[in-house]
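# Structure assessment
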Amino acid sequence: MYRSDSDGLRAARAQLVSYSARLLDDGLAVGSAGNMSVRSGDLVAITPSGISYAEMRPEDVCLIAMDGTETRAGNQETPSTETPMHLAIYAATTAGAVVHTHSSEVIALSATRDELPAIHYAITGLGGPVRVAPYVRFGSEGLAAAAVAALDGRNAVILSNHGAVTYGRDLAQAYDRALLLEWLARTYRLALSYGEPSILSAAELDEVTAESRRRRYGERRIRQP
C-alpha cells in the first residue's frame with residue numbers, strides 16, 4: 001500500500017507516468033490503450049483517459065475515492081474508462097496497484113481459449129492457470145464483476161477479446177506480472193505450433209509453490225549494515 005500523505009501521492013503519480021511510458025516499448029499496449037492505478041490509503045491514483053503516454057505528466061494522473069467520487073483537487077483530466085474495474089479489484093483484493101494491458105498475445109489467446117494453462121512453472125507467480133473472463137463491454141460494471149470473479153485465487157486475468165489485468169502489492173510487482181503473463185501466452189502459442197503441449201498438473205504446481213516458499217525463491221536477501 002502506498003502512503004496516503006501528499007508525498008506518497010506525488011510519488012505514486014510520478015511512478016504511474018514512468019511505468020505508463022514503458023507500456024508501448026514492452027509491447028503491452030498500442031496508442032493510448034491500457035491503464036494503471038495505485039492505491040494510496042483511501043484514494044486511488046489512476047491514469048487519465050485520452051492522453052498519450054508521451055504527453056502524460058504526474059499532474060494529469062487522476063485521484064479517485066474508493067467509492068468512485070472524483071477528488072477535484074488537481075483533477076483536470078478525465079479518469080480512465082476502466083476506473084470501475086480498478087476500484088472493484090481494490091475492493092475485492094489486497095492489491096496496492098493494478099495494471100491493465102492490451103497486449104497482443106493475451107488478446108489472441110482470449111479469442112480461442114478459456115484459460116492459459118500451466119505451460120511453465122512460472123505461472124505459479126500468477127496463482128496458477130489464468131482464466132479468461134467472458135467478454136463484456138469496456139468500462140462497464142459488468143466487466144468489473146467478470147474480472148473480479150475470474151481473479152478468485154489469482155493475481156492475473158485475461159479479458160476475452162480485450163486484454164488483461166494484473167495486480168500486486170505495488171506497481172513494480174503488478175507490472176512484472178503483466179510482462180510474465182504476456183510471456184507465458186507467447187510461450188503457449190509457440191508450443192502449440194510444435195504440436196500438443198505438455199501441461200503441468202495441479203500437483204506439480206503445488207510442489208513448485210511449496211519449494212519456492214521453502215527456498216524463499218525470488219526474495220532478495222536483507223543486507224546487514
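For the structure, check the block above.
Reading guide: rules and limits
Residues numbered from 1 in each chain as written. Predicted model: local features only at pLDDT ≥ 70, side-chain atom pairs only at ≥ 80, totals over all residues. Heavy atoms only, no water. Buried < 20%, exposed > 50% of the residue type's maximum accessible area, 1.4 Å probe, protein only. Helix = DSSP H or I, 4+ residues; strand = E, 2+ residues; numbered from the N terminus. Pairing = 2+ DSSP bridges. Right-handed = clockwise from strand over helix to strand, strands pointing away. Axes fitted to C-alpha atoms, helices over the stretch in contact; angles between N-to-C directions. Parallel < 35°, antiparallel > 145°, perpendicular 65-115°, else oblique. Contact = heavy atoms within 4.5 Å. Left-handed = near helix turned anticlockwise from the far one by under 90°. Arc of directions from axis to C-beta. Salt bridge = Lys/Arg side-chain N within 4 Å of Asp/Glu carboxyl O.

### Looking at the pairing of strand β7 (residues 156-159)
Side chains Ala156 and Ile158 project from β7 onto one buried face, and the interleaved Val157 and Leu159 project onto a second face that is buried too. With 2 bridges connecting them, strand β6 (residues 130-133) and β7 associate as parallel partners. By the bridge assignment for β7, Val132 is matched with Ile158. A crossover connection joins β6 to the parallel β7 through helix α4 (residues 141-150); in handedness this β-α-β unit is right-handed. As paired strands, β7 and strand β8 (residues 163-168) are joined by 4 bridges and run antiparallel to one another. Of the residues in β8, the one forming a bridge with Ala156 is Thr166. Where β7 folds back onto β8 in an antiparallel hairpin, the turn is made up of 3 residues, including Asn161, whose phi is positive at roughly 55°.

### Looking at the packing of helix α1 (residues 6-25) against helix α5 (residues 171-194)
Two elements in contact, α1 and α5, have axes whose closest approach is 11 Å; the angle formed by their N-to-C orientations is 10°. As judged from the angle between their axes, α1 and α5 are roughly parallel. For the pair α1 and α5, the contacting residues are Gln15, Leu16, Tyr19, Arg22 and Leu23 in the first and Leu171, Ala172, Tyr175 and Leu179 in the second.

### Observations regarding the packing of helix α2 (residues 83-92) against α4
Two elements in contact, α2 and α4, have axes separated by 8 Å at closest approach and are oriented at 35°. For α2 against α4, the interelement crossing comes out right-handed. On the side of α2, the interface is formed by Pro84, Met85, Ala88, Ile89 and Ala92, while α4 contributes Glu141, Leu143, Ala144, Ala147 and Val148.

### Thoughts on α4
Restricting attention to buried positions, one finds in α4 the residues Leu143, Ala144, Ala146, Ala147 and Ala150. The arc enclosing the buried residues of α4, seen along the axis, measures out at 165°, which places them on a common side. Away from its buried face by more than 90 degrees, α4 exposes Glu141 and Ala149.

### Examining unusual backbone geometry
One non-glycine residue with positive phi stands out, namely Asn161, at about 55°. You can call Asn161 partly exposed: its relative accessible area is 48%.

### Some remarks on the sheet that holds strand β1 (residues 35-40)
Strand order in the open sheet made by the 8 strands is β3-β2-β1-β4-β8-β7-β6-β5, with mixed pairing throughout. Where the open sheet ends on each side, the last strands, each with one partner, are β3 (62-65) and β5 (115-116). Examined bridge by bridge, β1 and strand β2 (residues 43-46) share 4 bridges and lie antiparallel to one another. The residue of β2 that forms the bridge with Ser37 is Ile46.

### Quick look at the side chain of His86
Within the element layout of this structure, His86 appears in helix α2. Overall, His86 belongs to the buried group, its relative accessible area being 1%. Beyond its immediate sequence surroundings of up to four residues, His86 is in contact with Asn35, Met36, Ser37, Ile46, Val98 and His100.

### Quick notes on the pattern of salt bridges
What the rule picks out here adds up to 8 salt bridges. Note that Glu105 and Arg189 form a salt bridge whose closest N and O atoms lie 2.6 Å from each other. One end of the pair, Glu105, is in helix α3 (residues 104-110); the other, Arg189, is in helix α5, with 84 residues separating them in the sequence. Residue classification places Glu105 among the buried positions, given a relative accessible area of 10%. A salt bridge links Asp170 to Arg169; its shortest N-O distance comes to 4.0 Å. On the basis of relative accessible area, Asp170 is assigned to the partly exposed category, the value being 24%. A relative accessible area of 55% means that Arg169 is categorised as exposed.

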